[in-house]
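Single-letter residue listing:
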Amino acid sequence: MTNFFNGTATAMITPFGKDGGVDFDAFGRMIDYQIENGTDVLVILGTTGEPATMSEEEKEAVMRYSVEKVAKRAKIVFGSGSNSTAHAVDASKKAEAFGADGLLAVTPYYNKCTQNGIYEYYKAISDAVHIPIICYNVPPRTGVNILPATMERIASLENIAGVKEACGNMEQICETARRIRGKCDLYSGDDNLNLPILAIGGAGLISVASNIIPKETKMLYNFVKAGNLDAANEIQDRMLPVIDAMFMEVNPIPAKAAAEMIGLGGGRPRAPLTELEPAHKEEMKKVLSDFGLHVIA
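Residues numbered from 1 in each chain as written. Predicted model: local features only at pLDDT ≥ 70, side-chain atom pairs only at ≥ 80, totals over all residues. Heavy atoms only, no water.

Visitor: Quick rundown of the overall build of the chain? Include the residues and the values.
Guide: Check the secondary structure of the chain and you find 12 helices and 8 strands. By the compact-globule yardstick of 19 Å for 297 residues, the chain fits well, its C-alpha radius of gyration being 18 Å. The C-alpha extent of the chain, read off along each of the three principal axes, is 50 × 45 × 35 Å. Put simply, the chain has 297 residues, and 55% of those count as buried. Taking all contacts inside the chain whose residues are at least 6 apart in sequence as the whole, residues at least 24 apart take part in 70%. Put simply, the chain has 29 plus and 37 minus side-chain charges, and the middle of one group is 2 Å from the middle of the other. (Helix = DSSP H or I, 4+ residues; strand = E, 2+ residues; numbered from the N terminus. Rg over C-alpha atoms; globule rule 2.2 N^0.38 Å. Buried < 20%, exposed > 50% of the residue type's maximum accessible area, 1.4 Å probe, protein only. Contact = heavy atoms within 4.5 Å. Lys, Arg positive; Asp, Glu negative; His and termini not counted. Charge placed at Lys NZ, Arg CZ, Asp CG, Glu CD.)

Dropping the structure here:
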């Protein structure tokens, strides 16, 4: 299927308070900030949201709150992937029941299944739910890579809406785009590659940096789709220092620190992730200030 969404999506962080629990007040501010700045889709409980260290009860509370807070002002996509196909199916059913508009299902991680195993994983999820599914290919984290021919097979499944590509290999991404064109959509999952992926026909992007700069992220998308590549390159050049800063340590450590610095209340990452190193904090403050953001902490 195509056209589940065209535009920008933010891979949302989950703010944790000083007591260690989810800070729903801060999460609500983040949701409003995204919608007010033109974000089309909120991707919640994806990698950036740290679901791996959250209990099932916490994830259910986040899903329930998100649906109520967003109130149809934007689409909601919940992360539901797992290294266990059975768990991914159960999580996908639960997300659908809570009111998700779509799912983001990362490839099975750690187990390192075959290409056929990847296909069967997505087929099982597709057979279990009735809402759009975005596959998530991020080999540096998972240890498996959806090859273009496999993604072409997966695209034939009824409710596969697209693939979030974060393999980092533009040659592979171009081949995937060729094979799935007209069958399902291609989404950028790598902020550094947003512009080229959009330029080869990507339907949208799923961004970490847009936690902090959603307005500019949407402007980049609009410029590319309007065919104004000069303006797109200009704003991408301006955004790159912020994008690079979002990955000075493993995601979402820098994004949470940046959200805290600009008053959104990013909170602390959960162990085993640690807070941004002191030297990196000073670097982050300078990058945000140079971009024109008001740094309060």
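Visitor: Tell me about the pairing of strand β6 (residues 160-165), and please be specific about residues and values.
Guide: For β6, a buried count of 6 out of 6 residues is recorded, marking the element as mostly surrounded by other parts of the structure. Taken together, the 5 bridges between strand β5 (residues 133-137) and β6 define a ladder with parallel strand orientation. Looking at β6, one finds that Ile134 is bridged to Gly162. Two strands pair when backbone bridges link them, and β6 and strand β7 (residues 185-188) are joined in this way by 4 bridges, in the parallel orientation. Note on β7: the bridge partner recorded for Val163 is Leu186. (Pairing = 2+ DSSP bridges.)

Visitor: Which residues make up the sheet that holds β7, and what values go with them?
Guide: Read once around its circumference, the closed barrel built from 8 strands follows the order β1-β2-β3-β4-β5-β6-β7-β8, with strand pairing classed as parallel. In this sheet, adjacent strand axes meet at a mean angle of 25° when their direction is disregarded. Pairing of strand β1 (residues 7-11) with strand β8 (residues 204-207), which is carried by 4 bridges, proceeds in the parallel orientation. In the sheet register, Ala9 faces β8, and the bridge partner there is Ile206. In this fold helix α9 (residues 214-225) packs onto β1 and β8, with an angle of close to 150° to the strand it touches most, β1. (Axes fitted to C-alpha atoms, helices over the stretch in contact; angles between N-to-C directions.)

Visitor: Outline the packing of aromatic side chains, listing residues and values.
Guide: What the rule picks out here adds up to 5 aromatic pairs. Ring centres 6.1 Å apart and planes at 35° place the aromatic pair Phe27 and Tyr65 in the tilted group. Placement of Phe27 in helix α1 (residues 24-36) and of Tyr65 in helix α2 (residues 56-70) is noted, with a sequence separation of 38 residues between them. Considering the side-chain rings of Tyr121 and Tyr122, the 4.9 Å spacing of their centres and the 80° angle between planes classify their relative orientation as edge-to-face. Judged on exposure class, the residue Tyr121 and its partner Tyr122 are both buried. Put simply, the rings of Phe4, Phe5 and Tyr187 touch in pairs and so form one group of aromatic residues. It is Lys164 that lies over the ring of Tyr136; its NZ or CZ is 4.0 Å from the centre. A cation over a ring is seen here: Arg238 above Phe291, with NZ or CZ 4.0 Å from the ring centre. (Phe/Tyr/Trp six-rings, centres within 6.5 Å; stacked < 30°, edge-to-face > 60°. Lys NZ or Arg CZ within 6 Å of the ring centre and 35° of its normal.)

Visitor: Residues and numbers for the packing of helix α11 (residues 253-261) against helix α12 (residues 278-291), please.
Guide: Their axes nearest at 10 Å, the elements α11 and α12 cross at an angle of 60°. The orientation of α11 relative to α12 falls into the category oblique. At the point where α11 passes α12, the crossing takes the right-handed sense. In this structure, α11 contributes Pro254, Ala258 and Met261 to the contact, and α12 contributes Lys281, Met284, Lys285 and Leu288. A per-class count over the contact of α11 with α12 returns 5 nonpolar, no polar and 2 charged. (Parallel < 35°, antiparallel > 145°, perpendicular 65-115°, else oblique. Left-handed = near helix turned anticlockwise from the far one by under 90°. Nonpolar A, V, L, I, M, F, W, Y, C, P; charged D, E, K, R; others polar.)

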